[in-house]
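Listed below are the residues making up each chain.
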Amino acid sequence: MNNSISITLVIWRQKSALDKGKFKKYELKNIDINMSFLEMFDVLNEGLISKGEDPVVFDHDCREGICGACSMYINGRPHGPQKGTTTCQLHMRQFKDGDKIVVEPWRAKGFPVIKDLMVDRSAFDRIIQAGGYISVNTGNAPDGNAIPINKAYADEAFSAAECIGCGACVAACKNASAMLFVGAKVNQLSLLPQGGPERASRVQNMLTQMEKEDFGHCTNTGSCEAECPKEISVDNISKLNKEYLRSLIKKS
Amino acid sequence: MKYYIINKYLAALSGLFLILFLTGHLAGNLQLLIPESSGAQQQFNDYAAFMSSNPVVKILSITTYVSILLHVVVTVALSIDSKRKRGVGYSVSRSPSNSISSRYMGVLGTVILAFIIIHLSDFWYKAKFEGETDVYSMVVNKFQNIEYVAIYVVAMLAIFFHTLHGFSSSFQSLGLVGSKTRRYIKICGMIYSLLIPLLFMLIPIYLFLNLHKT
Ligand code: HEM
Ligand code: FES
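Computed from a prediction, not measured in an experiment: that's the story for all the values here.

Asks: Break down the overall build of chain A for me, with residues and values.
Replies: On a plain count of helices and strands, chain A comes out with eight helices and seven strands. Overall size of chain A, expressed as C-alpha extent along the three principal axes, is 60 × 40 × 40 Å. Within chain A, counting contacts between residues at least 6 apart in sequence, those at least 24 apart form 70% of the total. Carbon and sulfur atoms provide 51% of the accessible area of chain A, an area that totals close to 11,500 Å². Distance from the positive charge centre (31 side chains) to the negative charge centre (30 side chains) of chain A: 5 Å.

As structure tokens, then:
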């Protein structure tokens, strides 16, 4: 059995935020199909470095699908063709010999390109800072089981908390909307008693920040859910809409 | 643009009102399917006279005009705003979505708006400002014209696709959908879109083929 393939990569190269950028073509031979997509990029970069060329800059950290750093728009889809996976968990066996693979950075006003495939996702951090927290007094660690939580709410909060903030929802959305991200981050807290006291201000502040960061509105197209590596449901957007309505009526 | 969500509430509420309006409008129009020999002309003209004099209908019709204006203003503003949010576009883009219509709401809406203008200037304007009282003959004669029938068919197809997404989308925008209800709302939206716009579409075809004369 032949375990290696040859591919043509078409990669977005951009020297800096101010550079206009352009696509560049790279041919790679003998790529082991058991490599992850990022390992394939490592091979590419080793080659470029040995030739004295600038390696392709891309974000990555955990390489085990939990940090959300590895943003790449592969063949027209965030994190490539496989459902529910980050780029680091995508393997070359998903591609065929002779495939042309186009790799672009996330494209959104809220995520400016820093270099090549690396974008600045700090807008998400600022949205979290605006309200994605609960305030607790310091002192002894509270007993984890002291506050009873309805199992259904706990489960929902847990699914929302799976969001790793990778930005695939924004990248896939035709309006570059961050509503799925904000929905998940609001709901994971607001569904729980601990999130109760700051409920109204949280949703308002996070949404205000979301608009300030230049993300678009939600047309309920659903590409976000389809592309989310953690398969966060668009139910979170419906809940976010309700949560905002609630905040206009009830102050906590 | 500030407060997307409030704008979406308005888009959804006005859209849902228009969905209700269309249902009522269709109920009235279905009287055009009555054979001419069974007194369709008299019945339809009486109905038209009632609609233009009843005070409750007056309030409903004002609500309809306000809804259309509000819907157009809000959705056009949202659509223009979101055009800027991508910045540099992708060279390849093929993410799946849960409805194709949702990508073309603006285009579909523009077709509907153009239609509303044609429709109002041809029937409503003539009845209201030119004192036409035989609305039945006016409608029936209009639809002897194939181009006119074609305009209606295209417009109803646009409404079909618009409500196919819009129906369920408005429940989502108002925060009224959950994991358990999503499927049912989607099915209701499909039934609505298949029933209302497509029945509307049959009327001009029916009149064109002179089926009311049989
Ligand atoms: C028969 C008349 C119409 C009906 C029943 C209708 C219904 C709806 C509904 C229910 C929605 C969903 C709202 C939401 O997502 O919450 C919607 C969205 C939309 N409508 Fe209409 N509409 C009509 C006419 C129009 C017209 C004349 C325009 C012209 C511009 C228009 C443009 C839009 C757009 C752009 C959206 C998407 C809004 C967004 O999600 O950003 N519609 N419509
Ligand atoms: S590198 Fe952490 S999720 Fe891919």
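Asks: Can you break down the interface of chain A and chain B residue by residue, with the values?
Replies: At the junction of the two partners, chain A supplies 46 residues and chain B supplies 40 residues. Note on chain A versus chain B: buried area summed over both sides is about 3,500 Å², and carbon and sulfur give 49% of it. Contact with chain B buries surface across chain A, with Glu211, His217 and Asn220 of chain A losing the most and accounting together for 18% of the total. At the boundary of chain A with chain B, the tally comes to two salt bridges. In this structure, Lys85 of chain B and Asp214 of chain A form a salt bridge, with 2.7 Å as the shortest nitrogen-oxygen distance. Along the contact surface separating chain A from chain B lie 34 residue pairs in polar contact (both at pLDDT 80 or more). If you list the elements that add at least two residues to the side of chain A that touches chain B, you get strand 4 (77-78), strand 5 (100-104), helix 4 (168-172), helix 6 (199-212), helix 7 (223-227) and helix 8 (235-249) of chain A. Among the elements that take part in the side of chain A that touches chain B, helix 8 of chain A stands out by supplying eight residues, more than any other. Its residues assigned to classes, the side of chain A that touches chain B comprises 23 nonpolar, 13 polar and 10 charged.

Asks: Outline the layout of surface pockets, listing residues and values.
Replies: Space left empty within the atom packing is revealed by a probe, the size of a water molecule, rolled over the atoms. A volume near 610 Å³ is recorded for the second largest pocket. Taken together, 28 residues form the lining of the second largest pocket, with Glu156, Leu191, Lys239 and Lys242 of chain A together with Gly178 of chain B sitting closest to its centre. Sorting the residues of the lining of the second largest pocket by element identifies helix 3 (151-160), helix 5 (179-190) and helix 8 of chain A as the ones contributing at least two each. If you tally residues by element for the lining of the second largest pocket, the top one is helix 8 of chain A, at nine residues. Here the lining of the second largest pocket is built from residues that sort into eight nonpolar, nine polar and 11 charged.

Asks: Describe the packing of helix 1 (residues 4-29) of chain B against helix 7 (residues 182-208) of chain B, with residues and values.
Replies: All names here are of chain B. The geometry of helix 1 relative to helix 7 is characterised by a closest axis approach of 10 Å and an angle of 40 degrees between their N-to-C directions. When the axis of helix 1 is compared with that of helix 7, the two are oblique. Classified by chirality, the crossing of helix 7 by helix 1 is left-handed. In this structure, helix 1 contributes Ile19, Leu22, Thr23, His25, Leu26 and Asn29 to the contact, and helix 7 contributes Tyr192, Ile196, Leu199, Phe200 and Ile203. When its residues are assigned to classes, the contact of helix 1 with helix 7 shows eight nonpolar, three polar and no charged.

Asks: Lay out empty space enclosed by the protein in plain terms, naming residues and giving numbers.
Replies: Under the defined criterion, the tally for this structure stands at two cavities of 30 Å³ or more. In this structure, the largest cavity spans a volume of roughly 100 Å³. Considering the residues around the largest cavity, the lining is formed by 15 residues, among which Cys163, Cys166, Cys169, Cys228 and Ile232 of chain A are closest to the centre. Those elements that provide at least two residues to the lining of the largest cavity are helix 4 and helix 5 of chain A. A per-element tally of the lining of the largest cavity places helix 5 of chain A first, with three residues. In terms of residue class, the lining of the largest cavity is built from 12 nonpolar, two polar and one charged. In this structure, the second largest cavity spans a volume of roughly 60 Å³. Every residue lining the second largest cavity is listed: Met179, His217, Cys218, Asn220, Ile237 and Asn241 of chain A together with Tyr4, Ile5, Lys8 and Ser173 of chain B. Broken down by secondary-structure element, the contributors of at least two residues to the lining of the second largest cavity are helix 8 of chain A together with helix 1 of chain B. Here the lining of the second largest cavity takes three residues from helix 1 of chain B, the largest share from any one element.

Asks: Mind laying out the coordination of the iron atom of ligand 1, listing which residues take part and the relevant values?
Replies: Residues and elements named next belong to chain B. Looking at the iron atom of ligand 1, the protein donor atoms are His71 (NE2) and His162 (NE2), and they sit 2.0 Å from it. The coordination sphere of the iron atom of ligand 1 comprises six donor atoms, whose angles at the metal cover 86 to 179 degrees; the geometry is octahedral. One end of the pair, His71, is in helix 3 (residues 55-83); the other, His162, is in helix 6 (residues 146-173), and 91 residues separate them in sequence. The same class applies to His71 as to His162, namely buried.

Asks: Describe unusual backbone geometry, with residues and values.
Replies: Residue and element names in this part refer to chain A. Of note, the phi angle at Asn30 is positive, near 55 degrees, even though the residue is not glycine. Looking at where Asn30 falls in the secondary structure, it is placed in strand 2 (residues 22-32). Phi is positive for Asp214, close to 75 degrees, though the residue is something other than glycine. Structurally, the position occupied by Asp214 is in the loop between helix 6 and helix 7. Among the residues examined, Asp214 registers a relative accessible area of 24% and is labelled partly exposed.

Asks: I'd like a rundown of the site of ligand 1, residues and numbers included.
Replies: Taken together, 24 residues lie around ligand 1, and Lys8, His71, His162, Ser169 and Ser173 of chain B are the ones closest in. Each of chains A and B places residues next to ligand 1. His162 of chain B places a polar side-chain atom, nitrogen or oxygen, 2.8 Å from a nitrogen atom of ligand 1. Counting residues per element, the ones that place at least two in the shell around ligand 1 are helix 1, helix 3, helix 4 (105-129) and helix 6 of chain B.

Asks: Which residues make up the nonpolar core, and what values go with them?
Replies: In this structure, Val170, Val182, Leu207, Met210 and Phe215 of chain A are the most contacted members of the largest nonpolar core, which totals 83 residues. When residues in this core are grouped by element, the largest group, nine residues, is from helix 1 of chain B. Two domains share this core, each providing at least three of its residues, namely domain 1 (4-114) and domain 2 (122-251) of chain A. Membership of the second largest hydrophobic core comes to 28 residues, among which are Ile7, Ile11, Met35 and Leu90 of chain A.

What counts, and where the lines are drawn
- Residues numbered from 1 in each chain as written.
- Chains lettered and ligands numbered in written order.
- Predicted model: local features only at pLDDT ≥ 70, side-chain atom pairs only at ≥ 80, totals over all residues.
- Heavy atoms only, no water.
- Helix = DSSP H or I, 4+ residues; strand = E, 2+ residues; numbered from the N terminus.
- Contact = heavy atoms within 4.5 Å.
- Areas by Shrake-Rupley, 256 points an atom, 1.4 Å probe, with all protein chains shown as cover.
- Lys, Arg positive; Asp, Glu negative; His and termini not counted.
- Charge placed at Lys NZ, Arg CZ, Asp CG, Glu CD.
- Buried area = accessible area lost by both parts, 1.4 Å probe.
- Salt bridge = Lys/Arg side-chain N within 4 Å of Asp/Glu carboxyl O.
- Polar contact = N/O pair within 3.5 Å; in protein donor to acceptor, adjacent residues only side chain to side chain.
- Nonpolar A, V, L, I, M, F, W, Y, C, P; charged D, E, K, R; others polar.
- 1 Å grid on protein atoms, 1.4 Å probe; cavity = no way out; pocket = protein on both sides within 12 Å on 5 of 7 lines; lining within 4 Å.
- Points joined across faces, edges and corners; volume = space filled by probe spheres on them.
- Axes fitted to C-alpha atoms, helices over the stretch in contact; angles between N-to-C directions.
- Parallel < 35°, antiparallel > 145°, perpendicular 65-115°, else oblique.
- Left-handed = near helix turned anticlockwise from the far one by under 90°.
- Donors = N, O, S within 2.8 Å, 3.2 Å for Na, K, Ca; no water.
- Tetrahedral: all angles 85-135°; square planar, octahedral: opposite > 155°, others 65-115°.
- Buried < 20%, exposed > 50% of the residue type's maximum accessible area, 1.4 Å probe, protein only.
- Near = heavy atom within 4 Å.
- Core = buried A, V, L, I, M, F, W, Y, C linked by side-chain atoms within 4.5 Å.
- Domains from an automatic or database assignment.

Purely geometric stuff here, so don't read any function into it on its own.
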